[in-house]
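Descriptive structure summary
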Amino acid sequence: MERIPVIFDCDTGIDDAIAILLALKIPAFDIKGFTCVAGNTPLPKVLRNTGHVLELAGVDLPVYAGADKPLFADATAPTAEHVHGKNGLGDLEFDDPKRAPESMKAWDYIYEEAKRQNGALELIATAPLTNLAMAFLKYKELPKLIRRIVIMGGAASYGNVTPAAEFNIYTDPEAAEIVFNSGVPVHMVGLDVTLKAWFNAEESEKLSAVNEQGMFCHLVGRGEMRYSLGHGFPGMCLHDPCAVIYAAYPELYKTDTVGVHVETLGKYTRGKTVTDFLSDKQFPVKNAVIVYDVDREAFRDKVFELIGSYSA
Ligand code: RIB
Ligand code: CA
């Protein structure tokens, strides 16, 4: 099998951590490195959390620091610590990772790796898109070297930070608009589908019995599970794992080709991924694939299969 070179861009919080564990076990992916950006929690904690998850996975891969704030620093960058905990990982306690982040900046690493992979590189981004935007702004030839970008972010329907905007896009709308208009095909795995990719309490308990990595997924998500169930959801939405599983197993999902632009000015709509499903009447350039449905049980089974492969 021809493996796909991948860089994983994250703001390691709870669902990023689970997504990283899954991605590392997907046979088709040859993950080259992780780039980190502020989002769920400030950048230093994102770096520490990412390093910890890689140690839990038993892999030795490089981690690169990127942006510690959105492109326009006066933008009010939210964190999601009310969901992910003060340390970003459900306030689980763990030692500092042994391996320090690399000295090269995330956007410079993306360019260097893209050149090395000579056009085959794919980006998976489960975070605000500041690092990717910085790379595109600094290296004009970069779009020709990136095969595809899969993001967890946005939604054609509604938001989770405001009625219009999803967290990753809301945190840096300007960066998102740059990425959607980079010329690289963007696969948008947004709330339209990730709200359907949930685990209930029983499934999370069952995962905890699989192995150490399954126990981590259960423990790290306990607080979010309680919060989700307490707010009428059937379980905890695995937003970032939904995007990672889509990237490797699209047959479990439903998609459409659309045009997407990101609102950056609207008083009520800043951060909205405005999505055009029609023909070229509105947004003539169909720059994105929207993922809008998933076979939840098949998604769940794939999560169990991949986490289970840590103890195979
Ligand atoms: O809206 C959900 C997204 O925001 C996920 O990527 C979660 O980790 C947070 O970054
Ligand atoms: Ca994330």
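Structure report, in brief. (Residues numbered from 1 in each chain as written. Chains lettered and ligands numbered in written order. Predicted model: local features only at pLDDT ≥ 70, side-chain atom pairs only at ≥ 80, totals over all residues. Heavy atoms only, no water.)

Now for the sheet that holds strand 2 (residues 29-36). Strand order in the open sheet made by the 9 strands is 3-2-1-4-5-6-11-9-10, with mixed pairing throughout. Looking at the sheet topology across the chains shown, the edges are occupied by strand 3 (63-65) and strand 10 (273-276). Strand-to-strand twist across the sheet, computed as the mean angle between neighbouring axes with direction ignored, equals 30°. Relative to strand 11 (residues 288-294), strand 9 (residues 253-262) runs antiparallel, the two being bridged by 6 bridges. The residue bridging Tyr 253 from the neighbouring strand is Val 294, located in strand 11. (Pairing = 2+ DSSP bridges. Helix = DSSP H or I, 4+ residues; strand = E, 2+ residues; numbered from the N terminus. Axes fitted to C-alpha atoms, helices over the stretch in contact; angles between N-to-C directions.)

Looking at the element boundaries, Thr 35 is found in strand 2. Assessed through its relative accessible area of 0%, Thr 35 is described here as buried. A polar atom in the side chain of Thr 35 sits 2.6 Å from the side chain of Asp 9. Once you skip the residues sitting within four places of it in the chain, Thr 35 turns out to touch Ile 7, Phe 8, Asp 9, Cys 10, Tyr 64, Ala 106, Tyr 109, Ile 110 and Asn 131. (Buried < 20%, exposed > 50% of the residue type's maximum accessible area, 1.4 Å probe, protein only. Polar contact = N/O pair within 3.5 Å; in protein donor to acceptor, adjacent residues only side chain to side chain. Contact = heavy atoms within 4.5 Å.)

The next thing to look at is the nonpolar core. Core analysis: the largest hydrophobic core is formed by 67 residues, its most contacted members being Phe 29, Tyr 253 and Phe 299. Take this core: its biggest share by element is 8 residues, from helix 1 (residues 14-23). Dropping the residues within four chain positions of it, Tyr 253 is found in contact with Val 193, Cys 242, Ile 245, Tyr 246, Val 291, Asp 293, Val 294 and Phe 299. Judged by nonpolar contacts, the second largest core, of 38 residues, contains Ala 106, Leu 123, Leu 129 and Ala 133. (Core = buried A, V, L, I, M, F, W, Y, C linked by side-chain atoms within 4.5 Å.)

A few words now on the pairing of strand 6 (residues 186-189). Across the two faces of strand 6 the burial is the same, with Val 186 and Met 188 and His 187 and Val 189 all buried. Looking at chain direction, strand 5 (residues 146-152) and strand 6 are connected through 4 bridges and run parallel. Bridging across to strand 6, Met 152 finds its partner in Val 189. In terms of strand pairing, strand 6 meets strand 11 through 4 bridges, oriented parallel. Bridge assignment links His 187 to a residue of strand 11, and that residue is Val 289.

This next bit is on the site of ligand 1. Taken together, 13 residues are adjacent to ligand 1, and Asp 15, Asn 160, Glu 166, Asn 168 and Asp 240 come closest. Between ligand 1 and the protein, one listed contact pairs an oxygen atom with a side-chain N or O atom of Asp 15 at 2.6 Å. With respect to ligand 1, the side chain of Asn 168 contributes an N or O atom lying 2.9 Å from an oxygen atom. In isolation ligand 1 exposes 280 Å². Once the protein is present, 96% of that is buried. Using a 2 Å cut-off from the grid points, one finds that ligand 1 occupies the largest pocket. For the shell around ligand 1, the elements supplying multiple residues, two or more each, are helix 1, helix 6 (167-171) and helix 12 (239-248). When its residues are assigned to classes, the shell around ligand 1 shows 2 nonpolar, 6 polar and 5 charged. (Near = heavy atom within 4 Å. Areas by Shrake-Rupley, 256 points an atom, 1.4 Å probe, with all protein chains shown as cover. 1 Å grid on protein atoms, 1.4 Å probe; cavity = no way out; pocket = protein on both sides within 12 Å on 5 of 7 lines; lining within 4 Å. Sits in = over half its atoms within 2 Å of the grid points. Nonpolar A, V, L, I, M, F, W, Y, C, P; charged D, E, K, R; others polar.)

Let's shift gears to the coordination of the calcium ion (ligand 2). Each protein donor to the calcium ion (ligand 2) is listed here as Asp 11 (OD), Asp 16 (OD), Asp 16 (OD), Thr 126 (O) and Asp 240 (OD); together their distances run 2.2 to 2.6 Å. Ordering the donors of the calcium ion (ligand 2) by residue number gives the pattern D-x4-D-x109-T-x113-D. Taken together, the residues span a long stretch of sequence, with Asp 11 in the loop between strand 1 (4-10) and helix 1 and Thr 126 in the loop between strand 4 (121-125) and helix 5 (130-138) at a distance of 115 residues. Of the residues examined, Asp 11 reaches a relative accessible area of 0% and is grouped as buried. (Donors = N, O, S within 2.8 Å, 3.2 Å for Na, K, Ca; no water.)

Let us look at the environment of Ile 307. Inspection of the secondary structure puts Ile 307 in helix 13 (residues 296-308). Residue classification places Ile 307 among the buried positions, given a relative accessible area of 0%. Separated by 100 residues in sequence, Ile 307 and Leu 207 place their C-alpha atoms 8.2 Å apart. In this structure Ile 307 touches Leu 21, Leu 22, Leu 207, Asn 211, Gln 213, Gly 214 and Cys 217, once residues within four positions along its chain are discounted.

Space inside the largest pocket adds up to approximately 590 Å³. Those elements giving two or more residues to the lining of the largest pocket turn out to be helix 1, helix 3 (81-84), helix 6, helix 11 (222-230) and helix 12. Class assignment of the residues belonging to the lining of the largest pocket gives a composition of 12 nonpolar, 11 polar and 6 charged. (Points joined across faces, edges and corners; volume = space filled by probe spheres on them.)

So, about the pairing of strand 2. For strand 2, the tally of buried residues reaches 6 of 8 residues, placing the bulk of the element in the interior. In the sheet, strand 1 pairs with strand 2 via 7 bridges, with the strands oriented parallel. Residue pairing for strand 2: Asp 9 is matched across the bridge by Thr 35. A crossover links strand 1 with its parallel partner strand 2, the connecting element being helix 1, and its sense is right-handed. Relative to strand 3, strand 2 runs parallel, the two being bridged by 3 bridges. For Cys 36, the partnering residue across the bridge sits in strand 3 and is Ala 65. Taken together, strand 2, helix 2 (residues 43-57) and strand 3 constitute a β-α-β crossover, and its handedness is right-handed. (Right-handed = clockwise from strand over helix to strand, strands pointing away.)

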